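Chain and residue survey
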Amino acid sequence: GENVEQHPSTLSVQEGDSAVIKCTYSDSASNYFPWYKQELGKGPQLIIDIRSNVGEKKDQRIAVTLNKTAKHFSLHITETQPEDSAVYFCAASPNSGYSTLTFGKGTMLLVSP
Amino acid sequence: DVKVTQSSRYLVKRTGEKVFLECVQDMDHENMFWYRQDPGLGLRLIYFSYDVKMKEKGDIPEGYSVSREKKERFSLILESASTNQTSMYLCASSFDSGTGGSYEQYFGPGTRLTVT
């Protein structure tokens, strides 16, 4: 089945810096790659996603890049703010015929003022 | 506003008890999912359902069962709770286009279950 590796497990940055989180996946047939943000005491919430026919997608301060050949995708957050502090999960949708996701283990991002 | 609700935020049960976790979504989604979340392990899929009365095993189904009698409701059942089932349980739902493509999953706030 699909395996998603996520790095780093923790990331500390200063407010205003950029943050990058990287994921690799194993199933070359995976075609959907969402990123979720989980704040304390809440369920994960989608922040951005990308499909395999697109190489990059941007939404204000966040962007996702996908390299299908290398089977990796990354989340980029620019001009980080304290409210960006949360746990971030990447995921990949294996080509199973079902709409399931395989998640990475998560990255705790801490943005210091 | 889309919403996934879970019956309890916190639950404490004894070893051997039968435990029911309930999830309700108001978005008329076809797909519903149960995950458990443990520190350092991320979200792991227990079971999912793509239609009423239909269910499929996820990656860690052992010790769990599910029930989906109505489209909006998906229940996770621990037949005989054990201490290694102490965890955060998250329910999610998503639209299904019928072509196998994946779409955004909407999550509930989670139920923190402690089995003593």
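Look a little higher up for the structure.
Residues numbered from 1 in each chain as written. Chains lettered and ligands numbered in written order. Predicted model: local features only at pLDDT ≥ 70, side-chain atom pairs only at ≥ 80, totals over all residues. Heavy atoms only, no water.

Quick look at the overall build of chain B now. Regarding its fold elements, chain B presents zero helices and eleven strands. Listing each helix as α and each strand as β along chain B from the N terminus yields β-β-β-β-β-β-β-β-β-β-β. For chain B, whose C-alpha radius of gyration is 14 Å, the value lies close to the compact-globule estimate of 13 Å for 116 residues. Viewed in the frame of its principal axes, chain B has a C-alpha envelope of about 40 × 30 × 25 Å. Of all intrachain contacts in chain B linking residues separated by at least 6 positions in sequence, the fraction that spans at least 24 positions is 57%. Side-chain charges of chain B comprise 15 positive and 16 negative groups, with the mean position of each set lying 7 Å from the other. (Helix = DSSP H or I, 4+ residues; strand = E, 2+ residues; numbered from the N terminus. Rg over C-alpha atoms; globule rule 2.2 N^0.38 Å. Contact = heavy atoms within 4.5 Å. Lys, Arg positive; Asp, Glu negative; His and termini not counted. Charge placed at Lys NZ, Arg CZ, Asp CG, Glu CD.)

Listed as interface residues are 24 residues of chain B and, on the opposing side, 19 residues of chain A. Across the interface of chain B and chain A, roughly 1,800 Å² is buried in total on both sides, 53% from carbon and sulfur atoms. Contact with chain A buries surface across chain B, with L43, S102 and E104 of chain B losing the most and accounting together for 29% of the total. Applying the counting criterion to the chain B and chain A interface returns zero salt bridges. On the surface where chain B and chain A come into contact, there are three residue pairs in polar contact (both at pLDDT 80 or more). Taken together, the elements giving at least two residues each to the side of chain B that touches chain A come down to β4 (31-38) and β5 (42-51) of chain B. Its residues placed into classes, the side of chain B that touches chain A shows eleven nonpolar, nine polar and four charged. (Buried area = accessible area lost by both parts, 1.4 Å probe. Salt bridge = Lys/Arg side-chain N within 4 Å of Asp/Glu carboxyl O. Polar contact = N/O pair within 3.5 Å; in protein donor to acceptor, adjacent residues only side chain to side chain. Nonpolar A, V, L, I, M, F, W, Y, C, P; charged D, E, K, R; others polar.)

What follows covers the layout of surface pockets. Of the pockets and cavities examined, the largest pocket occupies roughly 700 Å³. Considering the residues around the largest pocket, the lining is formed by 28 residues, among which Q38, L40, V87 and M108 of chain A together with Q37 of chain B are closest to the centre. Within the residue set of the lining of the largest pocket, elements represented by two or more residues are β9 (86-92) and β11 (107-112) of chain A together with β4 of chain B. Grouping the constituent residues of the lining of the largest pocket by class yields eleven nonpolar, eleven polar and six charged. (1 Å grid on protein atoms, 1.4 Å probe; cavity = no way out; pocket = protein on both sides within 12 Å on 5 of 7 lines; lining within 4 Å. Points joined across faces, edges and corners; volume = space filled by probe spheres on them.)

Before going further, it helps to spend a moment on the sheet that holds strand β3 (residues 19-25) of chain A. Residues and elements named next belong to chain A. Strand order in the open sheet formed by five strands is β1-β3-β8-β7-β6, with antiparallel pairing between adjacent strands. What marks the edges here is a single partner per strand, and that holds for β1 (4-7) and β6 (56-59). Each strand of the sheet is rotated relative to its neighbour by a mean of 15 degrees, with strand direction disregarded. (Pairing = 2+ DSSP bridges. Axes fitted to C-alpha atoms, helices over the stretch in contact; angles between N-to-C directions.)

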